Each structure stands twice: as structure tokens, then as C-alpha cells.
Amino acid sequence: MPTNANHNNATITRPPIAVVGVSALFPGSVDTTGFWRDILDGTDRMGDVPASHWLIEDHYDADMAAPDKTYGRRGGFLDDIDLDVLKFGIPPVAVPATDTAQLLALIVAQRVLDDAVTGQFNELDRSRASVILGVTSGQELLGAMASRMNRPLWLQGMRRAGVAEDVAQAACQQIADLHPEWQESTFPGLLGNVVAGRIANRLDLGGTNCVTDAACASSFSALSMGVNELYLGDSDLVIAGGVDTMNDIFMYMCFSKTPALSPSEDIRPFSDSADGTMLGEGLGMVALKRLSDAERDGNHIYCVINAVGASSDGRSKSVYAPVSSGQARALGNAYAKTDYEPDTVELVEAHGTGTVAGDAAEFGGLEISFNASGRTDRQWCALGSVKSQIGHTKAAAGAAGLVKVIMALHHKVLPQTAKIDQPNPKLNLADSPFHLNTRTRPWVRSRDHERRGSVSSFGFGGSNFHVAMSEYCGAGTRAPRLRTNDVELVVLSGTDGADLVQIISELTASGAANADDGLGWVAHHTQRTFDSTAPVRLALVASDPADLQTKLADAAARISAAPETPFATPTKVHFGVGPATGDVALLFPGQGSQYLFMGSALASHFGPALGPWDMAADLNLGDNAEATPQPDHPDGHLHHRLHDVVFPIEGFDDDVRGAQEDRLRSTQWAQPAIGAASLSQLAMVRALGLKPRHLGGHSFGEITALAAAGTLTEADLLRIASRRGQLMAEAAVTPGAMTAVSGAIDDVRRIVQASKGEVVVANHNHPSQVVLSGATEAIEAVEAVLGETRLTYKRLDVATAFHSPIVAGAADAFVDFLATVPFAEPEVAVYANETAGPYPTNPSAMRAQLGSQLAAPVRFVEMVEAMYANGARTFVEVGPGSTLAGLVPRILPDRPHLAVGLDSKTGTGIGPFLNGLAQLAAHGVTLEFDALWAGYATPDDPSRRAEPKLAIAINGANHGSPY
């Protein structure tokens with residue numbers, strides 16, 4: 001157990017707490033996976049108040065001062081979810097007399113317990129299992145039942161209006177009939193504490209059961225109590241979290257008359273257009289154990305809670321006005337219980353309500369705490385708020401943020417925050433520790449410490465809480481990742497076309513393929529049963545079950561019409577016939593292939609793909625590059641870590657974005673960046689079992705090919721890339737340029753010869769494209785000559801004149817540097833650009849070859865021809881973009897081959913990668929698809945799920961509501 005010092009230097013001993021179960025139910029999704037997917041995608045789940053809650057025409061008025069009216073008519077609302085009343089032993093007649101918060105909480109609690117115990121439920125000592133939840137006071141049903149008691153007032157009003165007594169009595173009865181009737185179960189059904197009590201009762205939990213009310217910080221007051229139960233040894237498992245489904249008109253009136261709702265009816269935390277909050281509803285729960293117990297018991301672990309800090313604002317101008325110093329005390333109290341400072345935290349999920357005063361006060365409190373350590377660099381920590389997507393879920397607000405940070409740590413991803421076109425300028429972000437993360441990106445981290453994230457929640461009355469958390473890096477069992485792919489790969493194989501059509505027919509008719517969540521199971525099942533040696537094969541990429549059905553139907557029609565004819569459609573459907581022939585060759589791209597956020601999706605979804613980026617962070621490749629503050633630079637300073645250059649923070653300005661693109665384009669950053677992105681893809685290619693017999697690269701890509709062959713370690717590849725880029729940038733003192741010419745190489749050479757050596761042929765990319773390189777003035781002169789011929793040209797957006805005398809001065813220094821790097825004999829043939837033949841095997845000769853390659857032409861056409869002559873038939877580009885995969889067909893137009901790219905500068909998500917795999921699978925190349933599921937749970941077959949015997953659809957409104 002870690003021992004840490006508090007502010008009074010007293011010793012505090014607290015065991016780390018493991019999160020062993022998670023369950024979430026928030027607007028737009030019906031489970032944790034859907035909520036996490038929405039977070040990653042930045043999906044806006046705000047909408048109009050549904051009629052199940054209250055009628056807009058009855059209660060809305062745009063005039064904020066209108067009495068008894070709300071100016072809010074939008075919010076975040078739960079979708080319907082089935083309640084299995086028989087499973088939970090709830091008489092159907094009692095459902096209208098039970099607040100929906102209690103019923104939904106049962107569902108979420110059952111799920112979190114199932115997630116936590118996973119096969120060990122019978123071994124759980126339920127007498128030491130507790131449930132402590134954040135729930136605010138009485139629930140919505142309380143208002144409905146209290147309103148029923150106003151019958152005398154209704155009658156009195158009608159009498160004053162002169163309504164006849166019999167008519168008034170009948171009208172009052174009709175009004176009463178709109179309210180739920182009193183039952184034996186009504187009293188417990190409207191109480192907030194029974195939200196927890198019903199869970200303990202129905203799930204047979206014998207530990208502490210209670211609820212806590214700290215207003216919008218209630219989730220964390222419950223969490224604080226829960227971890228204390230574990231610290232003291234009074235419980236061995238605690239379910240903690242928050243529940244809030246109270247979005248009735250009463251709650252809208254409360255927030256309207258404060259006033260706190262957004263007049264523009266949207267919620268934009270920390271944005272320059274933030275003008276108030278919006279209401280949401282939801283439930284989030286976690287299952288907690290002492291970390292040592294979780295490891296001992298084999299529980300799967302999501303992350304670690306290191307501390308919960310709490311404070312009160314003390315005396316202030318009002319009971320509900322936020323106070324920065326009070327909030328900062330909660331942060332300080334949290335980090336005083338850890339062995340690290342907040343300057344090592346890289347993600348903070350803020351309370352972030354979107355109110356002007358609230359956001360400013362919270363940001364001020366964060367700055368007080370995060371600036372205290374004296375860290376001088378700026379904007380190291382991502383800041384966000386999930387409220388922009390689901391609204392302010394009040395008592396469940398902390399739980400929503402908690403789930404977000406848990407999953408961010410577990411998946412090693414920095415999730416985006418939506419709706420920030422421009423930040424609030426009063427925050428002065430550029431001079432703070434924080435940046436607003438508006439794009440989901442991989443969370444790259446060196447090995448000096450684990451990933452650390454935190455989440456805050458604050459409530460009316462000055463209740464402040466802050467939770468310090470970290471990634472789990474122990475020897476225990478990590479929880480499965482949540483499957484949030486934007487697309488899935490489906491592969492089918494058969495004995496002939498008719499057999500495959502029958503297989504398609506059976507699949508399209510299956511319950512799994514038609515279920516809303518069935519795509520994952522279909523993908524996993526077909527990948528496990530796929531035979532790459534079968535006579536016919538179909539592979540496709542689908543985004544959802546409807547997309548799958550459409551593509552399968554189209555494929556079946558095509559195959560039926562021409563069962564022996566392979567095809568590939570623009571919609572990523574591929575049909576192959578007969579065995580794959582020849583060898584696999586991998587091609588690695590060079591400079592010019594780079595682009596911002598390249599490889600982001602792959603590294604966010606697959607652990608092996610993130611590894612090279614983490615390794616690059618360990619190498620600290622920016623040490624030899626300029627890394628000093630530059631106040632006059634468009635983005636204020638130069639980042640000095642590779643992943644900061646490839647995955648830059650949002651600059652909110654075209655000049656900043658342009659500067660970020662320029663930085664990545666510069667030679668000293670582009671080359672290690674391309675190397676890391678290529679290694680990331682290569683890690684997945686290797687995990688998939690793709691075994692090449694030939695390797696080659698284009699320009700810089702040749703070094704990556706050597707690493708793929710085992711000649712260089714991956715770390716040495718990145719060191720070489722960094723040094724090579726720096727040397728080339730230093731050598732290019734003369735302004736240089738490159739231009740791509742459309743024409744045969746002999747025709748281009750005749751024009752080049754007239755330049756008298758000032759311009760050289762740098763790349764022969766395909767039979768009708770030649771790239772020229774040289775001093776900018778000389779290139780301009782050649783372009784003028786080209787303009788007088790039929791040869792067209794296009795100036796390339798490059799940093800200098802590569803493969804020309806301009807960069808030749810770097811060769812000697814580069815070879816000297818290579819002398820410090822170990823070289824091993826290649827395990828696979830690597831083809832050199834300069835010779836178009838295999839690399840020598842002697843280390844000195846290899847170093848010399850790499851050095852001379854700097855200024856020598858890239859004979860790519862001849863290199864691909866040599867690979868083909870030696871048996872290569874399947875060419876796979878591994879790295880950013882797909883330029884090389886597009887060049888190969890131009891080189892081998894009439895000869896049998898397959899050229900596949902695994903990336904696209906215009907593609908999104910992992911679709912381009914899976915589409916490349918689909919092409920290979922349809923072609924008959926053997927792949928080990930288990931690599932796509934490593935770390936993920938095996939999907940359930942939705943067609944085999946037991947349907948509830950009696951299900952009642954419920955949402956955030958009480959069942960049987962008059963609306």
C-alpha cells in the first residue's frame with residue numbers, strides 16, 4: 001500500500017482502489033459501449049423535451065421572466081430500455097407506483113455487478129458488498145403524489161370561478177385520474193434512498209446501502225463514502241455512482257428561475273459562446289475493490305482510483321455561487337493523498353456546466369492547483385466536459401465524467417469535447433496548463449509514469465470533489481476493451497459461387513445479422529471460420545447491420561450473375577476466385593506521405609499500433625530539435641515530442657493549423673513521424689500474421705524496410721530517422737524544390753540534360769511520372785521549358801530538393817552517425833532505391849548504401865520490376881497514405897498482381913485499414929484475424945439471448961405518466 005504525505009506532512013495510508021466494473025446509461029445509448037462510442041465520436045445527444053416528460057406547448061415561453069414558464073425546451077433524455085419485471089420480482093401493477101430512477105438503477109446495478117464478478121457471483125460475499133449512490137432528495141414520483149393532494153385547491157379555484165359543484169367535483173376527479181394512484185408500494189417507490197435500498201434488496205447485498213445528496217456533486221459524495229468503506233475494511237466490494245432521471249417540468253423551472261439554462265438552448269462548456277447549461281438525465285455506476293483484493297481474486301481491472309479529495313467553499317457571497325479557491329482545495333486534498341503532483345496529469349474531465357460564472361470559477365480553481373508545482377511548459381493537460389453531449393445530468397454528472405475518464409485511461413485514448421468552435425478568450429488557454437481537446441486522439445505516454453487522469457464535480461451549497469485516477473499497469477487482469485469500431489470486417493468463403501450465395505442467404509436471414517448490435521458478432525464469427533484457401537472468397541467492410549445487409553445482397557446478385565469473375569466495388573466489397581499466387585511484398589512510403597493525425601484511429605483502437613508511438617515518446621526525439629518557447633510563433637511555442645507534432649492540440653486558428661502542417665512537413669519532423677506511423681501499421685501487419693518475402697521503401701521508406709527486415713531495431717529506426725531529417729535540413733541551405741512531370745523518363749531526361757546538372761531526376765515513380773529535384777531557380781527554369789512541350793508538371797509541396805546535390809552534404813555525417821548504430825543481416829530481402837536490387841549484407845556496405853541514397857535517384861519503377869521478377873505478386877503499402885499502392889498498377893498494368901494500401905489521407909476511422917485487409921482476404925492471402933480482437937471481449941450472439949418473459953419499456957419519465 002502506498003504511503004503518501006498530506007499537507008501537514010502527516011502519514012496517510014490508503015490502499016489503491018481498483019475499478020472492476022462499469023455500467024452507464026445516458027442519453028443516446030443503452031449501455032456503456034454506446035456511451036463510450038458517443039464520447040469518442042463527439043455525438044450530440046441533445047434534443048427536444050419528449051412528450052413522455054411534459055408538453056412544450058404547456059410550459060414553454062421564450063420570455064425568461066414569464067411566471068411559471070420555462071425558457072428551456074431541450075435537453076438530454078434516455079431512450080427506452082426494457083425492464084424485465086419478473087427477473088427483478090417487481091409486480092407489473094407496482095411499476096407506475098415506483099419511480100423510474102429506482103427501476104433503471106436496478107438494471108444498471110445488475111449490469112455493473114455482472115461486469116465486476118464475471119463468473120464469480122456465487123463466490124461473492126454479499127454480506128460485505130455495499131451500494132452507495134448519489135441521489136438528490138425525493139424523486140419525480142414525489143411531485144406527482146404531492147400534486148394529487150392538491151385536490152382541495154383545485155376545487156376551491158373552481159368554486160371561486162363559479163363552476164357548479166357537481167361539475168367541479170367531476171373535473172377534480174378527472175384531474176386526479178391523471179395522477180398515479182396510491183398503492184402500498186408508492187411510499188417506498190418515491191423515496192430517493194430506496195434507489196439504493198431496492199438494489200440491495202433485489203441483488204441480495206448485505207453491506208451498507210444508502211444514498212448521498214451533494215446536489216450536482218452527489219455521485220462523488222457517494223464515491224467518497226464508498227472508497228472510505230474499502231479503506232476501513234468495512235466492505236470488500238462497493239457499487240458507487242449517481243442516478244438522476246428527474247427532468248420533469250419542476251426541475252426545468254428550478255433551473256429556469258435561477259436562471260442557469262442556456263437561452264440559446266445548447267450547452268458549450270469553455271466555449272466563447274457558452275451561455276448556460278442544459279439538463280440531462282442518466283445513471284452511471286462503478287464497482288470498486290481494493291486493488292490487492294482485485295488482483296488476488298482475478299477480477300478484471302479498468303483503472304485505479306488513487307484518491308478522492310473533498311472540500312467546502314466556506315463563506316461566500318451566495319450559497320450557490322462557485323468559488324475557485326474552494327474548488328482548488330478539493331484538488332489539493334486529492335493530490336495530497338497521492339504520490340504525484342497534478343503537473344503529471346494529462347486529462348481532466350471538468351464539471352464544465354457551460355455557465356459563464358461556473359466555467360470561469362472552475363478554470364480558476366484548476367489553474368491554482370495545476371500551476372502550483374511550477375511546471376513551465378504550457379497546455380500539457382487535455383480539458384473537457386461530456387456535458388456538451390448529454391447535458392448536465394445533475395446527481396449523475398460526476399458519474400458520467402467518471403466513466404469517461406475510466407475508459408480514457410483503459411483504452412489509452414484522449415476523448416474529444418464537442419461544440420467548441422472557439423474557446424472562451426477570458427480563459428487565456430495558451431498561457432495555462434490546459435488545452436481543449438476537440439478531437440479524439442491516442443493517448444501517447446512515455447514510460448516514466450503511467451497515464452493519469454482526473455475528474456471534478458461540484459454542487460450547490462459549495463460541495464466540491466475531485467478524483468485522481470491512473471491507468472492500471474499491474475500484473476493482474478485488464479478488463480476487456482469496449483468495441484467502438486466505426487466499421488467491421490466480414491469475410492466469407494465457399495466451395496463455389498453457388499455455395500457462397502447460399503452462405504450469404506443464410507447469414508442475411510440470421511437473427512445476429514439483423515440485430516442492432518449484431519455486426520460485431522458477425523464479424524468475429526466469420527473471421528474465425530474463414531478459409532483463405534477456399535475456391536471463392538468474399539470480404540467487405542460494413543458500418544452497421546443495414547449496411548451489411550445491403551452489401552451482402554448486392555454481392556449475392558453479382559456472384560450469381562458471374563460466379564467465376566472477381567470484382568471489387570467502390571463500397572468496399574471484394575470477391576476473389578482461385579488461390580493467391582506469388583509472394584507478398586511490403587512497401588514503405590517516404591517523405592510527402594505524412595499528414596496530421598496519421599495513424600490516429602489505428603493507435604486508438606489497437607494496442608500494438610500504439611506501441612511505436614509510446615516508444616517514440618520514450619526516445620524524446622525532439623532533444624536535438626528546436627524546443628524553446630517562441631512567443632511570436634503562431635501557436636506560441638514549439639512542441640518537442642513527436643506525438644505532439646503528429647497529433648497536435650487544437651489551435652482554433654487557420655494560422656496555427658498552417659504552422660502545425662508546416663512543422664510536420666519539415667524534414668526533421670516528417671521522417672521520424674512517417675517512421676512511427678509506418679511502424680504502427682507494421683505492428684498490426686505482423687500481428688495479423690502477414691509474412692512478406694520482399695521489402696522495399698520509397699526514399700526514406702527504405703530505412704523502415706530495413707527495420708522490418710530485422711536489420712535495425714525499431715528504436716534505432718526512429719533515431720536514424722530523426723538524425724537523417726536534421727542533417728538533411730541543415731544541408732539544404734540552398735532553397736530547393738521538386739516538380740512531378742507526366743511523361744516518359746527518356747523524354748524528361750533530355751530536358752534535364754539541358755539544365756547542366758542543376759536539376760536531376762530524383763524519382764522514377766511509374767512509367768509516365770518522373771520527379772525532378774534541384775535548386776528552386778533551376779526547377780523554375782526547367783518548368784518553363786516543360787511548359788513549351790506537351791509534358792505537364794506539378795510542383796510538389798516538399799521541404800527541400802530531396803535526392804539532389806542540395807542534400808548530398810548530409811551523406812558523410814549521416815554515415816558517421818550510422819556507424820554508431822548496430823546493423824544485422826536482413827531476415828528478408830530489402831531492395832535498395834539506388835540499385836533496384838537487394839541490399840548488401842555487410843554492415844559497412846549497408847551504411848554506405850544508406851548514405852549514398854540521400855542524393856541518389858529513387859529507381860522505384862525498376863525496384864518494383866525486380867521484386868516482380870523475383871516472385872512478388874501482392875504488394876502491400878505499410879505507412880501513411882496509399883501513394884505507392886497506386887503506383888504499382890501503373891508499373892505492372894497488364895500483369896497479374898494485387899496492390900493494397902492500408903491507409904488513406906481522405907479516409908476516416910479504421911475503415912481504410914480494414915478495407916485493405918478485405919482486399920487481401922478476398923485475394924486469398926492468409927491472415928490471423930484474432931489480432932483484431934486482442935484485448936476485446938468475444939461478442940455475444942444476439943440471436944441466442946434469452947428474451948425476458950415480461951418486459952416493460954421505461955425511460956426517464958415515470959411509467960404511466962399522463963403525458
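The structure displayed is predicted, hence computed values, not measured ones.

Some remarks on the sheet that holds strand β3 (residues 17-25)
Taking strand neighbours across the sheet as the criterion, the 11 strands line up as β8-β7-β9-β10-β3-β12-β19-β18-β13-β14-β16 in an open arrangement whose pairing is mixed. Lying at the two open borders of the sheet, with one neighbouring strand each, are β8 (209-212) and β16 (434-436). On average, adjacent strands in this sheet sit at an angle of 25° to one another, irrespective of strand direction. As paired elements, strand β7 (residues 129-134) and β8 share four bridges and run parallel to each other. The residue of β8 that forms the bridge with G134 is T212.

Focus on the environment of S943
Secondary-structure assignment places S943 in the loop between α33 (911-923) and β34 (951-954). Each C-alpha atom of the pair S943 and L500 lies 22 Å from the other, and the pair is 443 residues apart in sequence. If we skip the residues at most four places from it in the chain, S943 touches G511 and A512. In terms of polar contacts, S943 uses its side chain to reach the side chain of D941, at 2.6 Å.

Examining a nonpolar patch on the surface
On the surface, V319, Y320 and F460 cluster together into a nonpolar patch covering about 340 Å² of accessible area. On the secondary structure map, Y320 appears in the loop between β12 (303-312) and α12 (324-335).

Quick word on helix α23 (residues 654-665)
If you check α23, its first and last C-alpha atoms are 16 Å apart, about what 12 residues at 1.5 Å a residue would give, namely 16 Å. Listed as buried for α23 are V656, A659, Q660, R663, L664 and R665. In the core, the buried residues of α23 are packed alongside α22 (642-646) and α24 (667-687). Measuring from the side-chain oxygen of the N-cap residue of α23 to the backbone nitrogen of D655 gives 2.7 Å; that N-cap residue is D653.

Here we look at the confidence of the model for the protein chain
Summing up the model confidence of the protein chain, the mean pLDDT is 93 and the portion of residues at 70 or higher is 96%. Below pLDDT 50 for its whole length, residues 623-639 participates in 29 contacts with residues either more than four positions away or in separate chains.

Overview of the nonpolar core
Most often, soluble globular proteins have nonpolar side chains that are buried together. L538, L586, W613, L917 and L932 are the most contacted members of the largest nonpolar core, which totals 122 residues. A per-element tally of this core places α24 first, with nine residues. Sequence-distant contacts of L917, that is, excluding residues within four places in its chain, are made with L489, L688, L902, L927 and L932.

A few points about the side chain of Q327
Of note, Q327 is situated in helix α12. The exposure class of Q327 is buried, given its relative accessible area of 3%. If near-sequence neighbours (up to four positions away) are discounted, Q327 is found in contact with D313, P322, A361, E362, F458 and N464.

Side note on the packing of helix α31 (residues 860-869) against helix α32 (residues 883-891)
It is at 10 Å that the axes of α31 and α32 come closest, and there the two elements cross at 75°. When the interaxial angle is binned, α31 and α32 end up roughly perpendicular. Between α31 and α32, the contacting residues are F860, V861, V864 and E865 on the first element and L884, L887, V888 and I891 on the second. For the contact of α31 with α32, the per-class residue count stands at seven nonpolar, no polar and one charged.

Details of the packing of aromatic side chains
This model, assessed by the stated rule, comprises 10 aromatic pairs. Taking 6.3 Å as the distance between ring centres and 90° as the angle between the ring planes, the aromatic pair formed by Y335 and F370 counts as edge-to-face. Remark: F370 occurs in helix α13 (residues 356-370) and Y335 occurs in helix α12; sequence separation between them is 35 residues. Assigned by exposure class, Y335 and F370 land together as buried. Geometrically, the ring pair formed by F530 and F929 is edge-to-face, given 6.1 Å between the ring centres and 70° between the ring planes. A residue pair is termed long-range when its members are at least 10 positions apart, and F530 in the loop between α18 (519-529) and β22 (536-542) and F929 in the loop between α33 and β34 qualify at 399 residues. Both residues of the pair, F530 and F929, count as buried. An aromatic cluster of three or more residues is present, and its members are Y335, Y340, F363, F370 and F434. We note R483 situated over the ring of Y936; from NZ or CZ to the ring centre the distance is 4.6 Å. The residue whose ring lies beneath R873 is Y868, and the NZ or CZ to ring-centre distance is 3.7 Å.

Criteria and cut-off values
- Think of each chain on its own: its residues are numbered from 1, step by step along the sequence as written.
- In view of the model being predicted, local features appear only for residues whose pLDDT reaches at least 70, and side-chain atom pairs are presented and counted only at 80 or more, with totals across whole chains, interfaces and linings using the full set of residues.
- As a rule here, side-chain values cover all heavy atoms of the structure and leave hydrogens and water aside.
- A pair of strands counts as paired when DSSP detects no fewer than two bridges linking them.
- Only DSSP runs of H or I with at least four residues qualify as helices, and only runs of E with at least two residues qualify as strands; both kinds are numbered from the N terminus onward.
- Lines fitted to the C-alpha atoms define the axes, with helices restricted to the stretch that makes contact. Angles between their N-to-C directions range from 0 to 180 degrees.
- Contacts were defined at the residue level, with two residues in contact if any of their heavy atoms lie within 4.5 Å.
- Pairs of N or O atoms are called polar contacts if they sit within 3.5 Å, as long as, within protein, a hydrogen donor faces a hydrogen acceptor (for residues adjacent in sequence, only side-chain-to-side-chain pairs).
- Patch definition: residues above 30% relative accessible area lacking any salt bridge, with like charges linked at up to 9 Å and the nonpolar side chains Val, Leu, Ile, Met, Phe, Trp and Tyr linked at up to 5 Å.
- A 1.4 Å probe and the Shrake-Rupley method give the accessible areas. Residues count as covered only by the protein chains that appear here.
- What counts as a salt bridge is simple: a side-chain nitrogen of Lys or Arg found within 4 Å of a carboxyl oxygen of Asp or Glu.
- Multiplying one less than the number of residues by 1.5 Å gives the expected span of a helix.
- Relative accessible area decides the class of each residue, using a 1.4 Å probe on protein chains only: under 20% of the type maximum gives buried, over 50% gives exposed, and in between gives partly exposed.
- For every residue, the predictor states its confidence as a pLDDT score lying anywhere from 0 to 100.
- Residues belong to one nonpolar core when they are buried, are Ala, Val, Leu, Ile, Met, Phe, Trp, Tyr or Cys, and are joined through side-chain atoms within 4.5 Å.
- Roughly parallel covers angles under 35 degrees, roughly antiparallel covers those over 145, roughly perpendicular covers 65 to 115, and oblique covers all other angles.
- When residues are grouped by polarity, Ala, Val, Leu, Ile, Met, Phe, Trp, Tyr, Cys and Pro land in nonpolar, Asp, Glu, Lys and Arg in charged, and all others, Gly among them, in polar.
- In summary, the pairing rule links any two rings of Phe, Tyr or Trp, Trp by its six-membered ring, whose centres are within 6.5 Å, and it sorts them by plane angle into stacked for under 30 degrees, edge-to-face for over 60 and tilted for everything else.
- In our convention, an over-ring charge means Lys NZ or Arg CZ found within 6 Å of a ring centre and within 35 degrees of that ring's normal.

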